[in-house]
Amino acid sequence: MEFDFLRATEQAALFSLKWLGQGQKETADEAACDAIRGMFDQMDMRGEVVIGEGIKDEAPGLFKGEQVGTWAEGAPRFDIALDPIDGTTNCSKGLPNSISCIAAAAPGDGTDNALQEIPAFYMNKLAYPQAVRKAWMADPSLPVSVEAPIGEVLKTTAKILNKDVRDVVVVVLDRPRNQQLIDDIRCIGAQLRMITDGDITAALAPALNTSPIDIYVGIGGSPEGVLSAAALRCLGGGMQAKIWPRDDEEKKSLIAEGWGDKLDKVYRSRDLAKGQDIFFAATGISESPLLDGVHVKGQMATTHSVLMREKSQTVRFLTTHHNLETKHIYLRSSR
Ligand code: FBP
């Protein structure tokens with residue numbers, strides 16, 4: 001079953017590729033959605049989208065509440081979070097850092113969703129490597145917290161990783177709302193790498209042995225936060241996140257919807273991705289710190305993907321060669 005989630009992100013990457021660099025982000029997103037839906041239609045599961053698209057920019061998408069899979073009797077139940085393209089702007093400009101990704105988690109016996117829906121646009125996030133998570137779990141008084149001053153977080157991280165603060169590499173989404181954070185990181189002398197879009201790969205990077213990035217911090221999309229949390233649970237890294245209302249209007253509407261008592265809550269990865277049997281699959285569209293992009297030569301396309309499972313913490317990186325003359329991409333639109 002988990003390989004079918006990977007096939008879905010592969011299909012999305014392949015089918016949206018013709019839009020890479022073409023300046024039409026909605027069309028690219030639509031293509032990726034069509035390919036994911038098409039693959040879901042083939043899958044014997046009872047899936048429900050709990051985190052879909054559309055909330056941030058009214059993108060065409062797979063929406064919350066949509067039932068996917070065959071829903072055959074006895075088929076496994078999954079709550080699904082997905083981002084058919086994270087980094088749609090990057091994809092439309094042909095810039096690095098666009099991926100297609102899906103997280104799936106089997107709900108437990110309780111009534112709660114296995115993947116936590118967050119009705120706010122943004123969360124303030126802090127993602128860190130396994131060593132930092134373990135040190136913090138052993139001593140929760142350490143200032144490894146999305147609420148702690150960033151200087152303290154970076155000094156503590158440096159100590160745990162046995163580095164100087166100036167060698168700690170921090171990624172932040174380049175947005176005015178993150179400016180104070182950016183100034184503080186510069187002031188403390190850590191290495192700053194800003195990204196224009198696509199903060200799922202940035203949040204996963206600290207937990208990858210292959211990446212020079214130690215910390216991802218700052219305010220980015222909430223759905224992306226839940227997807228990152230699911231993957232970090234598979235990778236053994238950690239994340240904390242707090243709802244960040246954009247303005248008073250959003251704050252009021254969150255309170256009116258009954259989220260008032262959650263505005264001060266610090267969500268850990270296991271609060272955002274709390275199901276049993278969590279999978280995370282992603283395929284690169286353009287190259288990123290997590291995955292290389294799709295390469296095409298004549299009729300052959302090569303995709304680079306990752307498939308992870310929380311239960312065993314097995315992380316598979318897959319390079320797949322597709323013969324475009326014989327490959328069938330299942331699409332919902334041509335069902
Ligand atoms: P999209 O691909 O949906 O456009 O998201 C890109 C992204 O950069 C996310 O990775 C990030 O979490 C979010 O947008 C930040 O939101 P905003 O662009 O509104 O600051």
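Residues numbered from 1 in each chain as written. Predicted model: local features only at pLDDT ≥ 70, side-chain atom pairs only at ≥ 80, totals over all residues. Heavy atoms only, no water.

Examining the pairing of strand 9 (residues 238–243)
Within a regular beta strand, the side chains point alternately toward one face of the sheet and then the other, so they alternate between its two faces. To be explicit about the condition: A simple rule labels every residue: compare its accessible area, found with a 1.4 Å probe on the protein chains alone, to the largest value its type can have, and call it buried under 20%, exposed over 50%, or partly exposed in between. Think of it this way: any DSSP run of H or I at least four residues long counts as a helix, any run of E at least two long counts as a strand, and we number them from the N terminus. DSSP bridges decide pairing: two strands pair if at least two such bridges lie between them.
Burial within strand 9 is extensive, with six of its six residues counted as buried. Neither face of strand 9 is exposed, since Gly-238, Gln-240 and Lys-242 on one face and Met-239, Ala-241 and Ile-243 on the opposite face are all buried. Examined bridge by bridge, strand 5 (residues 122–128) and strand 9 share six bridges and lie antiparallel to one another. Directly across from Ala-127, in strand 9, lies its bridge partner Met-239. Strand direction decides the pairing type here: strand 9 and strand 10 (residues 267–268), joined by two bridges, are antiparallel. Bridging across to strand 10, Ala-241 finds its partner in Tyr-267.

Quick word on the sheet that holds strand 9
Put simply, the rule is: Between two residues, a contact is recorded if the distance between any of their heavy atoms is within 4.5 Å. Working convention: axes come from line fits to C-alpha atoms, limited for helices to the stretch in contact. Angles between N-to-C directions cover 0 to 180 degrees.
A sheet is described by the order of its strands in space; here six strands give the open sequence 7-6-8-5-9-10, paired in mixed fashion. Two strands close off the open sheet at either side, each with one partner strand: strand 7 (191–195) and strand 10. Along the sheet face, helix 6 (residues 179–188) touches strand 6 (169–173), strand 7 and strand 8 (215–221) and points at about 155 degrees away from the line of strand 7.

Considering the side chain of Ser-211
Let me state the cut-off plainly: Pairing of N or O atoms within 3.5 Å defines a polar contact, subject to two protein rules: one partner must be a possible hydrogen donor and the other a possible acceptor, and residues neighboring in sequence count only if both atoms are side-chain atoms.
Here Ser-211 shows up in the loop between helix 7 (199–204) and strand 8. A distance of 3.0 Å separates the side chain of Ser-211 from the backbone nitrogen of Ile-213, its partner in a polar contact.

A look at the site of the ligand
Our working rule: We call a residue near a molecule or strand when any one of its heavy atoms sits within 4 Å of it. Accessibility throughout is a Shrake-Rupley quantity obtained with a 1.4 Å probe, and a residue counts as covered only by protein chains that appear here. Three categories are distinguished: nonpolar for Ala, Val, Leu, Ile, Met, Phe, Trp, Tyr, Cys and Pro, charged for Asp, Glu, Lys and Arg, and polar for the others, with Gly belonging to the last. An automatic or database domain assignment supplies the start and end points of every domain.
Residues in contact with the ligand amount to 16 residues; listed here are only the nearest, Gly-87, Tyr-122, Arg-175, Asp-197 and Asp-199. A distance of 2.7 Å separates an oxygen atom of the ligand from a polar backbone atom of Gly-87. With respect to the ligand, the side chain of Tyr-122 contributes an N or O atom lying 2.5 Å from an oxygen atom. Taken by itself the ligand offers 480 Å² of open surface, and the protein chains cover 90% of this. At the level of secondary structure, the elements contributing two or more residues to the shell around the ligand comprise strand 3 (77–86) and strand 8. Class assignment of the residues belonging to the shell around the ligand gives a composition of three nonpolar, five polar and eight charged. Of the residues that make up the shell around the ligand, three or more belong to each of domain 1 (2–109 + 276–323) and domain 2 (122–272).

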